[in-house]
Amino acid sequence: MRKHATAVIDAPAGAGTAAIALRGVTKVYGRGDEAVHALRGVDLAIRPGSFTAVMGPSGSGKSTFLHCAAGLDRPTGGQVFLAGTDIAGLSETKLTELRRTRVGFVFQAFNLVGSLTAEQNVTLPLRLAGTRPDKKWVREVLGRVGLAQRAGHRPAQLSGGQQQRVAIARALVTRPDVLFADEPTGALDTKTGREVLGLLREVVDTFGHTVVMVTHDPVAASYADRVLFLADGRLVDTLENPSAEAVADRMIHMEG
Ligand SMILES: Nc1ncnc2c1ncn2[C@@H]1O[C@H](COP(=O)(O)OP(=O)(O)OP(=O)(O)O)[C@@H](O)[C@H]1O
């Protein structure tokens, strides 16, 4: 039997002040005997300008949480507020617009367009949203991720860490309310992974962005201000100012 850590459920802050707030969010895949309860009533609030890591055993609902929080998928029940907007009530068109402009995504596999330069990859979300890219702002974002000198390079001409930096710049270019990262260091070696984590920390501390990152790695989680632990679709624990050791210890007890 899976042992759960003490259940500490965050009281949702006023939905209007949180970058993200979930209220009683459930997600069921399939029906009847086949039904999988991926989220079983998640309540939480994430402060603007904070860095949050989401951890939990395989199958605990981390990706489902990320998808529901980011408007990539609709919850079966409950409410998701993104900077005060209840996204469950939005039409498909509005939800697509929200995904393009108010949230940013960084994935393990970078997901850059190989035929485009770093700068063109970064401006892609703006073009998709029908906005003319502001050159000064695009340069600024490329500078924030340390790629001012690589703007004209294509992904194949960049290292894995540089490609992930392009992906981070692309995620930030629309000035999103939240940047979601799904195992952003999963495809990188340890040293490069740490550099990317340092960059995520920096965009929070220096530029006030809000980052929510799913990870399996306790060291990655230790870069966050707070770790949320999911088990069997529930938020079962949180850890403030986490050390890698404390996170690893919590995980061992959850998986034991
Ligand atoms: N599209 C789907 N259809 C049916 N079941 C699904 C679907 N997506 C996820 N699940 C199930 O929901 C549960 C939660 O999955 P989820 O991918 O959110 O977990 P996770 O914590 O991200 O796992 P991992 O760490 O292995 O990536 C699992 O039991 C999974 O099998």
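Located above this text is the structure these notes cover.
What comes next concerns the included structure. (Residues numbered from 1 in each chain as written. Predicted model: local features only at pLDDT ≥ 70, side-chain atom pairs only at ≥ 80, totals over all residues.)

**Here's the deal with the environment of M213**
Counting through the fold element by element, M213 comes out in strand β8 (residues 211–214). Counting along the chain gives 147 residues from M213 to L66, while the straight-line C-alpha distance between them is 8.4 Å. For M213, the residues in contact, after removing those within four places along its chain, are A53, V54, A181, P184, L200 and A224. (Helix = DSSP H or I, 4+ residues; strand = E, 2+ residues; numbered from the N terminus. Contact = placed C-beta atoms within 7 Å.)

**Some thoughts on the site of the ligand**
As a matter of local geometry, the ligand sits amid Y29, G30, V36, A38, G56, S58, G59, S60, G61, K62, S63 and T64. Per element, the largest residue contribution to the shell around the ligand is three residues, and it comes from helix α1 (residues 62–69). When its residues are assigned to classes, the shell around the ligand shows three nonpolar, eight polar and one charged. (Near = placed C-beta within 6 Å. Nonpolar A, V, L, I, M, F, W, Y, C, P; charged D, E, K, R; others polar.)

**So, the pairing of strand β7 (residues 178–182)**
Among the five residues in β7, five count as buried, and that is most of the element. Side-chain alternation along β7 places V178, F180 and D182 on one buried face and L179 and A181 on a second face that is also buried. Two elements, strand β6 (residues 103–107) and β7, share five bridges in a ladder whose sense is parallel. When the bridges of β7 are listed, G104 appears paired with L179. Here β7 pairs with β8 via four bridges, running parallel. Counterpart to L179 in the pairing with β8 is V211. (Buried ≥ 20, exposed ≤ 12 C-beta atoms within 10 Å, placed from the backbone. Pairing = 2+ DSSP bridges.)

**Examining the nonpolar core**
Counting 71 residues, the largest nonpolar core has I20, A169 and L200 as its most contacted members. Sequence-distant contacts of L200, that is, excluding residues within four places in its chain, are made with F51, A181, V211, M213 and Y223. (Core = buried A, V, L, I, M, F, W, Y, C linked by C-beta atoms within 7 Å.)

**Remarks on the packing of helix α3 (residues 118–128) against helix α4 (residues 135–144)**
Relative orientation of the contacting elements α3 and α4 amounts to 115°, with a least axis distance of 11 Å. Relative to α4, the element α3 is oriented roughly perpendicular. For the element pair α3 and α4, the recorded crossing hand is right-handed. Between α3 and α4, the residues in contact are A118, E119, V122 and T123 and V138, V141 and L142, respectively. (Axes fitted to C-alpha atoms, helices over the stretch in contact; angles between N-to-C directions. Parallel < 35°, antiparallel > 145°, perpendicular 65-115°, else oblique. Left-handed = near helix turned anticlockwise from the far one by under 90°.)

**Structural notes on the sheet that holds strand β1 (residues 20–29)**
With antiparallel pairing, the four strands of this open sheet are ordered in space as β2-β1-β4-β5. Sheet topology places β2 (36–46) and β5 (85–86) at the edges, where each strand pairs with a single neighbour. As paired strands, β1 and β2 are joined by eight bridges and run antiparallel to one another. Its bridge partner being in β2, T26 is matched across the sheet by R40.

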